[in-house]
Amino acid sequence: MARFISIRVLTYVILVFLATSFAYLLAASLMHPEDVLYPPAAPKPVPEATAQAYMNARNINPDVPLFQRYANWLGGLVRGDFGVTTGTNKEMRPVLTVLSERIPISLRLVVLGTVIGTVVGVVVGMVTAVRRRSIGDRSATLLSFVLVSLPTPVVILVVQQINQAIQNRTGYGLPAINPVNPLLHGWDAFVYESKALVMPTIVLAVLAAASYSRYMKVTTLDVLGSDYLRTARAKGLTRGKAMNRHGLRMALIPMGQYFAFAIGAAFTGSLFVELMFNWQGVGRYVISAISMADINGTAAVVLYTGVLTLLSATLADFLQGLLDPRIR
Amino acid sequence: MSEPILSVKDLSVAFDTEAGRVQAVQDLSYQVRRGEALAIVGESGSGKSVSSLAVMGLLPKGAQISGDIELMGKKIFTMSDRQLSDLRGDTISMVFQDPLSALTPVYRIGDQISEVVRIHHPEVSKQKASERAIELLEAVGIPEPRRRAQQYPHEFSGGMRQRVMIAMAIANEPELIIADEPTTALDVTIQAQVMALLKSAQEMLGAATILITHDMGVVAGFADRVLVMKDSRLVETGDVEQIFYEPREQYTRDLLSAVPRIDQGADSESRSVAGSAMRTVAEVATSDDTTPREQRPTVLEVEDLHRVYPITKGAVVRRKVGEQRAVDGISFDIREGECMALVGESGCGKTTTLMEIMQLRTPQQGEIRIDGRPTGGLSRAERAKLRSEVTLVFQDPMASLDPRMPIGDILKEPMRVQGYSAQRMNERVEWLLKTVELRPEHASRYPTEFSGGQRQRVGVARALACDPKLIILDEPTSALDVTVQAGVLALLADLKTRLGVSYLFVSHDLSVVRHISDRISVMRKGRIVESGPTHQVFENPQHEYTKELLDAVPIPDPKVARTRGGTVIDAEAFQGNSHDETPSEQGSVRA
């Protein structure tokens, strides 16, 4: 077991290293932070020495060979230093600090939405498979296809508009945007933050549930036709009990893979949610980092998503092993 | 006669499908009395399984049912699913066909057995129920029941899983056990053990049993009464002797006469109708023996053939931890116009052997010669040419024909590869279809329009397409109904004498092989344990394993079948008097 884990960790480290290196090399060779810093139409030219010093300090000097910069960056990486932010603001904050501020914000959003969405999706998928061709099944299927085919911003707008309509009628409603209110403190702040979490979570959960209910329906239909379920019924279990005791776990085995990767995928999926609800999360950060030609920031986000994806893969295998004794 | 436990009156079941309404069962009526063993016999699509699922109340939702089923005075069609669930597994239990898929893969064997106890006796503690599961496992002859109960279904073999199913079926001492083709998926020696176990379990409990099967041989040794079904209707019902010795209906007679028998050679004493049609097959198959075997040319020679698969471990660095000797030094030869049967149970290496031959390459060790030429030294062109000389008929006629190709194209394909002209191909397709007793106009039809037997005839025609010297038949009839099988075997026997082709007939079924083969080789664990002319192997088997195999084959004659014994259920263990190794622990639980 220890051998298995150490091999796995080693391959993961290599994979993450390769992914991040590619990201850095691509970003460093394609992005032009100097243009962002000193646009060609700048009113007053910056002295050459100042510009060089400025870019050297940030390890983004295009006059330094690419592999020299890559080596500098790698040296920092080994020491746990991801470099500093670049772009229009000149504050030179360590990328690690920025990420550590933003990751919890994203996690709060994504984990809750994905967990709720998956649970709802599994339940809806199972019920629609068992009650196949009923009105409930037909409407759930229609609704989930509508949701899956709608662009995420549309779903967000619909949820926001419903909230607005309720607020207009009753005077009560959830905060429209912004996850935090700097004017509030203590309990009030907690209440506000919880309320602010509701709408984004609804959006993420609904979208996740829509697709997971589809997967779950298919795996459950497979299970419904299986011999072991018939055996369970022949033992004297009622339809529902046989499904809960024998069918559910078998249907969940293929879902383990989807579920774990859902967490990885949700970080990219939460991009629109972060943008449209004005959350300062990782998704929003990577958009601005790319638009400001922030090489170090982009590479760091790639590293972060790489680690997350591999953790998800491990979680998927772990779930698989937990659910299915055949592969232990 | 005691009261009937189950009475079925005018049962009809229909399903609405895309192709319209399908009648699965029509006007079926029968009764089963306490302690009685009834066999429901029929070929595929006769409605035998559907009728038993109706008794269990387990028909799919779309089924349209009419008639009445009374189980111990209760009308089951008026009962709710909850009420029925109280009966299922307690008063009435079922053993299903495919033991490989009938157990939930993710739960331990012991838990699955104790579940059936706990469902109907919730007052039994979990601990007691698992002790009961271990007793039941011991009763059905699972060695080391305490350890085995902790294992998962995938760690059990097919036969052992079917024992587990029987353990679950008898756990609550039911009044009625329904066994739906319980041994179809099992090897013949395992089949004999499972049937004997089922019989003794039934006798111990005094339960009524319904055995659903297509296999007349199994019926003869098991049933008191037989009910024959065809095309969703009852054909004939009667005592087992009456059905086997004096069948009234023509269909029953046809069904029985198509059953292959291993005791065919020593017949005349048996009054059973079974196997009479197969006698003619045997006559056809052996009629042309004019030239002695030694003077005929050798078509295929296999000498000291080995095939060893390494068992590896590790994902990144593969290490060899052992080896599986799939074929372990076998030798045999086939002469012109001869049918040699390679017989053995699953996993004995028969398929590996024929794959080695069909590869036409140098084997790992040993030599394969076709027409005297070693396959090792062939050039690419020679190998392609040889493909027309050695052809293969597959086991599953449904899967081995491309559903999107008309029959004519399927037959032309091997000829096209060998560069036949269009004119010649058309002539040959017509001739081939006639030869396998199909009509030439069938050439434009697609495989789905044919029945299983007809498709297997197409498979044979394809194998014949380029005048082969040797046809390898890989279980060619095991997927077919018995009456259809008889027809295909008769065709094969006829082709052999008319065209002078040789066969390598690979099969697990000794009784099928008896009628068609000239020589038999019995294979076990990669080795040939016995080899010789057919009548010699059957009448005077030398090897222990051959005797075991022959004893296990069911005989479709009730009198003969009853004289044979087998493993019996461990009634002591069933009563709870376990002879387990840990008596002290056992005692404390019981006290």
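Residues numbered from 1 in each chain as written. Chains lettered and ligands numbered in written order. Predicted model: local features only at pLDDT ≥ 70, side-chain atom pairs only at ≥ 80, totals over all residues. Heavy atoms only, no water.

As named in an unreviewed UniProt entry, chain B is Peptide ABC transporter ATP-binding protein, taken from Brachybacterium endophyticum.

## Structural notes on the overall build of chain A
Which entries qualify depends on this criterion: Put simply, DSSP marks the helices as runs of H or I at least four residues long and the strands as runs of E at least two long, and each gets a number from the N terminus on. To sort residues, take the accessible area from a 1.4 Å probe on protein chains only and compare it with the maximum for the residue type: under 20% means buried, over 50% means exposed, and anything in between is partly exposed. Counting rule for charge: Lys and Arg are taken as positive, Asp and Glu as negative, and neither His nor the chain ends is counted. By convention, the point assigned to a charge is CZ for Arg, NZ for Lys, CD for Glu and CG for Asp.
On a plain count of helices and strands, chain A comes out with 13 helices and zero strands. Looking at chain A residue by residue over its 328 residues, the buried ones come to 45%. Within chain A, one finds 28 positive and 16 negative side-chain charges whose respective centroids are separated by 17 Å.

## A look at the interface of chain B and chain A
What counts here: What makes two residues a contact is simply this: any of their non-hydrogen atoms within 4.5 Å. Here's the idea: put two parts together, see how much 1.4 Å probe accessible area each one loses, and the total over both is what we call buried area. By definition, a salt bridge exists where a carboxyl oxygen of Asp or Glu is found within 4 Å of a side-chain nitrogen of Lys or Arg. Three categories are distinguished: nonpolar for Ala, Val, Leu, Ile, Met, Phe, Trp, Tyr, Cys and Pro, charged for Asp, Glu, Lys and Arg, and polar for the others, with Gly belonging to the last.
The interface of chain B with chain A comprises 31 residues on the first partner and 23 residues on the second. Each partner contributes to the roughly 2400 Å² buried at the junction of chain B and chain A, and carbon and sulfur atoms together form 56% of this total. Between the two partners, chain B and chain A, sit three salt bridges. Among the elements of the structure, α1 (48-56), α2 (81-87), β6 (92-95), α3 (109-120) and α6 (158-170) of chain B are those that each provide at least two residues to the side of chain B that touches chain A. By residue number, the principal contributor to the side of chain B that touches chain A is α3 of chain B, which donates five residues. Its residues assigned to classes, the side of chain B that touches chain A shows 17 nonpolar, eight polar and six charged.

## Some details on the packing of aromatic side chains
This is how the line gets drawn: In this analysis, rings of Phe, Tyr and Trp, with Trp reduced to its six-membered ring, are considered paired at centre separations within 6.5 Å, and the interplanar angle assigns stacked below 30 degrees, edge-to-face beyond 60, and tilted for intermediate values. Two limits define a charge over a ring: the Lys NZ or Arg CZ must be within 6 Å of the ring centre, and within 35 degrees of the ring normal.
Overall, the coordinates contain six aromatic pairs over all chains when judged by the stated rule. A ring pair is formed by Y70 of chain A and W73 of chain A, whose centres lie 6.2 Å apart and whose planes are at 25 degrees; its orientation type is stacked. Taken as a pair, Y70 of chain A and W73 of chain A lie in helix α4 (residues 66-78) at a separation of three residues, close to a single helical turn. Among the residues examined, Y70 of chain A registers a relative accessible area of 12% and is labelled buried. W73 of chain A sits in the buried class, given a relative accessible area of 4%. An aromatic cluster is defined as three or more aromatic residues linked by ring pairs; in this entry it consists of Y24, F67, Y70 and W73 of chain A. Taking the ring centre of Y54 of chain A as reference, the NZ or CZ of R58 of chain A above it sits at 3.6 Å. Looking at R132 of chain B, its charged tip hangs above the ring of F574 of chain B, at a distance of 4.8 Å from the centre.

## Quick word on the packing of helix α5 (residues 95-130) of chain A against helix α13 (residues 295-323) of chain A
Two numbers describe a pair of packed helices, the interaxial angle and the distance between the axes. All names here are of chain A. Operational definition: For every element, the axis is a line fit to its C-alpha atoms; helices are fit only across the contacting stretch, and the angle between N-to-C directions ranges from 0 to 180 degrees. Here the angle decides the label: under 35 degrees means roughly parallel, over 145 means roughly antiparallel, 65 to 115 means roughly perpendicular, and every other value means oblique. By the definition used in this description, the sense in which the near helix is turned from the far one sets the handedness, with an anticlockwise turn below a right angle giving left-handed and a clockwise turn giving right-handed.
Relative to each other, α5 and α13 sit at 45 degrees, their axes nearing to 11 Å. Put simply, α5 runs oblique to α13. Handedness of the crossing formed by α5 with α13: right-handed. When α5 is examined against α13, the residues V95, L99, I103 and L107 are found in contact with a partner set consisting of N296, G297, A300, V301 and Y304. Here the residues of the contact of α5 with α13 sort into seven nonpolar, two polar and no charged.

## Section: the UniProt feature "domain: ABC transporter" (unreviewed entry) in chain B
Basically, it comes down to this: UniProt positions are given in the numbering used here, feature names are shortened, and annotations may be inferred rather than shown by experiment.
When the UniProt feature table is mapped onto this chain numbering, "domain: ABC transporter" (unreviewed entry) sits at residues 6-256 and 300-550 of chain B. Taken as a whole, residues 6-256 of chain B contains 39% helix and 27% strand, while its terminal C-alpha atoms sit 27 Å from one another.

## A look at the domain arrangement of chain B
Stated precisely, the cut-off is as follows: The split into domains, and so the bounds of each, comes from an automatic or database assignment of domains.
The domains assigned to chain B are domain 1 (4-259 + 569-590), domain 2 (274-389 + 468-555) and domain 3 (401-466). Of note, the centres of domain 1 of chain B and domain 3 of chain B, computed from C-alpha atoms alone, are 42 Å apart.

## A few points about empty space enclosed by the protein
Heads up, the rule is: As defined here, a cavity is a set of points on a 1 Å grid over the protein atoms alone where a 1.4 Å probe fits but cannot get out. A pocket is an open set with protein on both sides within 12 Å along at least five of seven lines, and residues line them when an atom is within 4 Å of a point. Grid points are joined across faces, edges and corners, and a volume is the space filled by probe spheres set on the points.
Scanning the entire structure with this criterion turns up one cavity of 30 Å³ or more. Space inside the largest cavity adds up to approximately 80 Å³. Together, T231, A234 and K235 of chain A together with G89, S93, M94, V116, M165, M168 and A169 of chain B line the largest cavity. Looking at the lining of the largest cavity, the elements that each hand over two or more residues are α9 (227-234) of chain A together with β6 and α6 of chain B. When its residues are assigned to classes, the lining of the largest cavity shows six nonpolar, three polar and one charged.

## Re the sheet that holds strand β4 (residues 64-71) of chain B
Residues and elements named next belong to chain B. Inclusion rule: Pairing between two strands requires that DSSP report at least two bridges joining them.
Pairing within the open sheet is antiparallel, and its four strands lie in the order β2-β1-β4-β5. Two strands close off the open sheet at either side, each with one partner strand: β2 (20-33) and β5 (74-75). In this sheet, β2 lies alongside strand β1 (residues 4-17) in antiparallel orientation, the contact comprising ten bridges. Counterpart to F15 in the pairing with β2 is V22.

## Focus: the sheet that holds strand β17 (residues 470-474) of chain B
Residue and element names in this part refer to chain B. If you walk across this open sheet you meet the six strands as β16-β17-β18-β13-β19-β20, and the pairing is mixed. At either end of the open sheet lies a strand with only one pairing partner, and these are β16 (390-393) and β20 (527-533). Between one strand axis and the next, the sheet turns by 15 degrees as a mean value, whatever way the strands run. Pairing geometry for strand β13 (residues 339-343) and strand β19 (residues 519-524), over four bridges, is parallel. Opposite L342, over in β19, you have S521 as the bridge partner. Running over the sheet, helix α20 (residues 544-552) touches β19 and β20 and is turned about 100 degrees from β19.

## Overview of unusual backbone geometry
Within the chain, A293 of chain A stands out as a residue other than glycine whose phi angle is a positive 60 degrees. By secondary structure assignment, the location of A293 of chain A is in the loop between α12 (282-291) and α13. A positive phi angle, near 45 degrees, is found at D231 of chain B, a position not held by glycine. By the element assignment, D231 of chain B lies in the loop between β9 (225-230) and β10 (233-239).

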